[in-house]
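Chain residues, written in single-letter form:
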Amino acid sequence: MIKIKKAGKRSSTIIVETEAPYIQYKNLKETGIVHNGFSTRLGGVSGGMYSSMNFSVKMGDSIENVRKNFQIFMEKNGFKNPVMSNQTHTTNVLTVTENDIGKGIYKEADYSDIDGLITNRRGITLVTSYADCVPLYFADVKNKAIGLSHSGWRGTVNRMGEITLRRMREEFGTKPEDVIAAIGPSICLNCYEVSFDVAREFEKEFGASAEEHRAYDTEHIRESAQNMDAILYKKDNGKYLLNLWAANYKVLTDAGVLSDNIAIPDICTCCNRDILFSHRGHMGKRGNLCAFLMLK
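For the rest of this paragraph, the subject is the overall build of the chain. Along the backbone of the chain there are seven helices and 16 strands. Relative to a compact globule of 296 residues, whose C-alpha radius of gyration would be 19 Å, the chain shows 18 Å and is just as compact. A burial count over the chain gives 57% of its 296 residues as buried. Pairs at least 24 apart in sequence give 67% of the contacts found in the chain among residues at least 6 apart. For the chain, the computed accessible surface area is about 12200 Å², with 46% contributed by carbon and sulfur atoms. Charge centroids of the chain, computed over 38 positive and 35 negative side chains, lie 3 Å from each other.

Shown next as structure tokens:
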């Protein structure tokens, strides 16, 4: 049985223990229209610091290993026809069709600088890549359309979630109130220390005041990660703790997604670096995880 540390008391995920285990959001599964997942490090063929289910060649792993890992993960877990983003911390969103199947994985992508994917085509799996940044999942239950976006701090401060919803509205008629959303596994506020320059960007965009982070006991730290009311905490060393979960929650609710329809994370990538890849936790020596979303 896989043991994973949960952040906070609200549970939003389950662990699906196949030969290539993955994390699944309960609220997305309950829609009945999508298959969703977030990979772990387990069940692949890569070795060394990429061990073992690594989905990226950018850190130095071989293309043969990465393609084999995709084949294993998708066959064992019921995903098919993948299309992968080409992420550079932008807010660009690509509308995916059957012509894009395999791009970014089994064949070269003819697009670049794409951090978000949307589609209304059934049986196509949207795939985005992570090692601490925030995955954003969207399922429009009325118009049967989906979106999957990568939102690091730059994407978050530029409201990637809102932009993805806007593109879904333009392409598929999506209304935010019809969307079931999930903020995926990513780095929690207690692991994410940032400089004043980054904190200032969030203060300007969200009006987020920096609170004193006084309580360092384990229980407080575990629970505070799911506090959606505070984006920044000021530390005694002049640095700040940044809550990307809270910031993305605000982006989604500001855009009109109903709070009851948003699953907040309960898993931090950095706190679980034995099971998940974390850029901060592994000090840059790591592979990449992926988020998967398919319209049934």
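All right, on to the side chain of T125 then. Turning to its location among the elements, T125 is positioned in strand β7 (residues 125-130). T125 has contacts with M74, F79, K80, N81, P82, V83, F292, L293 and M294, leaving out every residue within four places of it along the chain.

Another aspect to go through is the pattern of salt bridges. Per the counting criterion, the structure on display carries 14 salt bridges. The partner of K76 in a salt bridge is E19, with the nearest N and O atoms 3.4 Å apart. Remark: E19 occurs in the loop between β1 (13-16) and β2 (22-25) and K76 occurs in helix α2 (residues 63-77); sequence separation between them is 57 residues. Judged by relative accessible area, E19 falls into the exposed class, the value being 58%. With its nearest N and O atoms 3.4 Å apart, the salt bridge here joins E201 to K204. A residue pair is termed a helical-turn pair when its members lie 3 or 4 positions apart in one helix, as E201 and K204 do in helix α5 (residues 196-206) at three residues. Looking at E201, the relative accessible area reads 30%, which means it is partly exposed.

How each quantity is defined
Sequence positions are assigned chain by chain, starting from 1 and proceeding in written order. Residue-level local features of this predicted model are given only where pLDDT is at least 70; pairs of side-chain atoms are given and counted only at 80 or more, and the full residue set underlies all totals for whole chains, interfaces and linings. In computing side-chain properties, one takes all heavy atoms of the structure into account and sets aside hydrogens as well as water. A run of H or I in DSSP counts as a helix once it spans at least four residues, and a run of E counts as a strand once it spans at least two, with each numbered from the N terminus. For a compact globule the rule gives 2.2 Å times the number of residues to the power 0.38, and the radius of gyration it is set against comes from C-alpha atoms. Note on classification: 1.4 Å probe, protein chains only; a residue is buried when its accessible area is under 20% of the maximum for its type, exposed when over 50%, partly exposed between these limits. Contacts between residues were defined by any pair of non-hydrogen atoms, one from each residue, lying within 4.5 Å. What sets the accessible areas is the Shrake-Rupley method with a 1.4 Å probe; for residues, cover comes only from the shown protein chains. When charges are tallied, Lys and Arg are placed among the positive residues and Asp and Glu among the negative ones, while His and the ends of the chain are skipped. Charge positions are represented by NZ for Lys, CZ for Arg, CG for Asp and CD for Glu. Within this document, salt bridges are pairs made up of a side-chain nitrogen of Lys or Arg and a carboxyl oxygen of Asp or Glu, the two lying within 4 Å of each other.

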